[in-house]
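# Commentary on secondary and tertiary structure
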Amino acid sequence: MRVNILCAMRDPSRGAVLLEGLTRSGFNPMVVQRMKELLGQLSQRGCDLLLVGQFLVDGDGIEAVKTLRSRGPTRQLAIVALLDPQPAPAAVAMGGIRRLPAQGATSSSSAVALQRPNLRLQYFQAGADECLTLDQDVAECLARIRA
């Protein structure tokens, strides 16, 4: 029996390597880009696992997880968040420019980095079961999905 996986993300080409790996491993992935499509597929076909990207064409991945966790039939659905790679930890984003902390800076002077909410934590708080990044090793991603 093939495991049906629904992948919801704005730009499916970002997860193409993972989707190809899933297909080669015997999974049956299907891609949607909008929340409306996601809800439609879940009501018509259902799925065994949902992969949710950070963004959909018409919304946010975290909001999609919250919505699904608040509905009866999808409360128990296995959900894995697919996150874009994060910038290097030493880099602090300010005005769209990545800057390194000043030489000799202390942890208190890097408070801007701490103010950004941890995306993984937000997904877990919304109800995701696992978080993977799109730059992770595909074999590791597949092992985590199987688990």
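Position labels on residues start from 1 in each chain and follow its written sequence. Where totals are concerned, whole chains, interfaces and linings use all residues; where local detail is concerned, this predicted model gives features only for residues with pLDDT of at least 70, and gives and counts side-chain atom pairs only at 80 or more. Hydrogen atoms and water are omitted, and side-chain values are computed over all heavy atoms in the structure.

Time to look at the side chain of R69. Among the structural elements, R69 can be located in helix α3 (residues 61–70). With a relative accessible area of 16%, R69 lands in the buried category. Looking at R69, its side chain comes within polar contact range of the main-chain oxygen of L77, at 2.7 Å. Any pair of N or O atoms that falls within 3.5 Å is considered a polar contact. Within protein, one atom must be able to donate a hydrogen and the other to accept it, and sequence-neighbouring residues count only if both atoms are side-chain atoms. In this structure the side chain of R69 is engaged in a polar contact, spanning 3.0 Å, whose partner is the side chain of D129. Apart from residues no more than four positions distant in its own chain, R69 is found in contact with T74, R75, Q76, L77, I79, A126, G127 and D129. Each helix is a run of DSSP H or I of at least 4 residues and each strand a run of E of at least 2, with the numbering of both proceeding from the N terminus. To sort residues, take the accessible area from a 1.4 Å probe on protein chains only and compare it with the maximum for the residue type: under 20% means buried, over 50% means exposed, and anything in between is partly exposed. Here, two residues are considered to be in contact whenever any of their heavy atoms come within 4.5 Å of each other.

Pairs of strands are assigned from DSSP output, requiring at least two bridges between the strands. A sheet is described by the order of its strands in space; here five strands give the open sequence β2-β1-β3-β6-β9, paired in parallel fashion. Single-partner strands in this sheet number two, and they are β2 (28–32) and β9 (130–133). Along the sheet, successive strands turn relative to each other by an average axial angle of 25 degrees, direction set aside. In this structure, strand β6 (residues 78–83) lies alongside β9, joined through four bridges in parallel fashion. By the bridge assignment, V80 is partnered in β9 with E130. The strands touched by helix α1 (residues 16–24) are β1 (4–8), β2, β3 (49–53) and β6; relative to β2, the strand with the most contacts, the crossing angle is about 150 degrees. Fitting a line to C-alpha atoms yields each axis, with helices limited to the stretch in contact; the angle taken between N-to-C directions then spans 0 to 180 degrees. Contacting β1, β3 and β9, helix α6 (residues 138–146) runs over the sheet at an angle of about 165 degrees to β9.

It is worth spelling out the pattern of salt bridges at this point. By salt bridge we mean one thing: a side-chain nitrogen of Lys or Arg within 4 Å of a carboxyl oxygen of Asp or Glu. Counting across every chain of the model gives six salt bridges. A salt bridge links E63 to K66, with the nearest nitrogen and oxygen atoms 3.6 Å apart. One end of the pair, E63, and the other, K66, are both in helix α3, three residues apart, so they sit about a helical turn from each other. By relative accessible area, E63 is classed as partly exposed at 42%. The class for K66 is partly exposed, based on a relative accessible area of 41%. We note a salt bridge from E130 to R144, for which the minimum N-O separation is 3.0 Å. Within this pair, whereas E130 is found in strand β9, its partner R144 is found in helix α6, the two being separated by 14 residues in sequence.

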